[in-house]
Amino acid sequence: MAYEKKIPVDLDCPLRLTMSLIDSKWKSCILDELRSNLHLRPSEIHRLLPEATPRVLDIQLKELVDDGLVAKTVYPELPPRSEYTITPLGQSLIPIIDAMLKWGEDHFDIFVNKYGKNQPSDKR
């Protein structure tokens, strides 16, 4: 049985379209990591985002590939090796991710005060 996206892409509104492509917890983080690294193997992505389960990352990587935001290259060797790279379409989302990072940095104190310092954080 093939994997099917749980939430379909919303074509009714440009904002909802964009959000439906990067709305998951880890897709923006994956794109952010791929912008800094030319090629990442799945195990490297798992190591960079240890809070995410490998299954969730694999599903979200597949969705990013299916949407054309990330490219997957499989090398015909034994054992098989694959790498992910950000595509020009994925690269076009980087300014949005940068704006989200800046907003989070600018308002970090408000939310650390609200939610407490005991929350897991990935503050850059």
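It should be emphasised that the depicted structure is a prediction, and the values quoted were computed from it without experimental measurement. (Residues numbered from 1 in each chain as written. Predicted model: local features only at pLDDT ≥ 70, side-chain atom pairs only at ≥ 80, totals over all residues. Heavy atoms only, no water.)

### Structural notes on the overall build of the protein chain
In plain terms, the rule: Put simply, DSSP marks the helices as runs of H or I at least four residues long and the strands as runs of E at least two long, and each gets a number from the N terminus on. Throughout this description, buried means an accessible area under 20% of the type-specific maximum (1.4 Å probe, protein chains only), exposed means over 50%, and partly exposed covers the range between. Contacts between residues were defined by any pair of non-hydrogen atoms, one from each residue, lying within 4.5 Å. All accessible-area figures derive from a Shrake-Rupley calculation using a 1.4 Å probe, and residue coverage is judged against the displayed protein chains alone.
For the protein chain, the helix and strand inventory stands at seven helices and two strands. The N-to-C order of helical and strand elements in the protein chain reads α-α-α-α-β-β-α-α-α. The buried share among the 124 residues of the protein chain stands at 29%. Here the analysis covers contacts within the protein chain between residues at least 6 apart in sequence; of these, 47% occur between residues at least 24 apart. If you sum the accessible surface of the protein chain, you get close to 8700 Å²; carbon and sulfur atoms cover 59% of it.

### As for the pattern of salt bridges
Opposite charge on two side chains allows them to pair when their charged atoms are near. Put simply, the rule reads: Definition used for salt bridges: Asp or Glu carboxyl oxygen within 4 Å of a side-chain nitrogen of Lys or Arg.
Tallied over the entire structure, the rule returns seven salt bridges. Between Glu-63 and Lys-27 there is a salt bridge; the shortest N-O distance is 2.6 Å. Of this pair, Glu-63 sits in helix α4 (residues 54-66) while Lys-27 sits in helix α2 (residues 27-36); the two residues are 36 residues apart in sequence, bridging distant segments of the chain. Looking at Glu-63, the relative accessible area reads 9%, which means it is buried. Judged by its relative accessible area of 1%, Lys-27 is buried. Ionic contacts of the salt-bridge type, sharing partners, join the residues Asp-32, Arg-35 and Asp-98 into one network.

### Here's the deal with the nonpolar core
The condition that has to hold: Among buried residues, those of type Ala, Val, Leu, Ile, Met, Phe, Trp, Tyr and Cys that are joined through side-chain atoms within 4.5 Å constitute a nonpolar core.
Residues Trp-26, Ile-30, Leu-31, Leu-34, Ile-45, Leu-49 and Leu-57 are the most contacted members of the largest nonpolar core, which totals 21 residues. Elements with a minimum of two residues in this core: α1 (14-22), α2, α4, β2 (81-86) and α6 (94-106). Ranked by residues supplied to this core, first place goes to α2 with four residues. In contact with Ile-30, not counting residues within four places along its chain, are Ile-45, Leu-49, Leu-57, Gln-60, Leu-61 and Leu-64.

### Thoughts on the packing of aromatic side chains
The following threshold applies: Pairing of aromatic rings covers Phe, Tyr and the six-membered ring of Trp, with a centre-to-centre limit of 6.5 Å; geometry is then stacked below 30 degrees between planes, edge-to-face above 60, and tilted otherwise. Put simply, a charge is over a ring when the Lys NZ or the Arg CZ is close to the ring centre, within 6 Å, and near the line of the ring normal, within 35 degrees.
What the rule picks out here adds up to two aromatic pairs. Ring centres of Trp-103 and Phe-111 lie 5.9 Å apart, and the angle between their planes is 40 degrees; on these two criteria the pair is classed as tilted. Relative to Tyr-115, the ring of Phe-111 lies with its centre 6.3 Å away and its plane at 10 degrees, an arrangement referred to as stacked. Residue Phe-111 and its partner Tyr-115 are both found in helix α7 (residues 108-115); the two are separated by four residues, about one turn of the helix. An aromatic cluster of three or more residues is present, and its members are Trp-103, Phe-111 and Tyr-115. Directly above the aromatic system of Tyr-75 lies the positively charged group of Arg-81, at a separation of 3.9 Å from the ring centroid.

So far we have only geometry, and geometry alone does not tell us how the molecule works.
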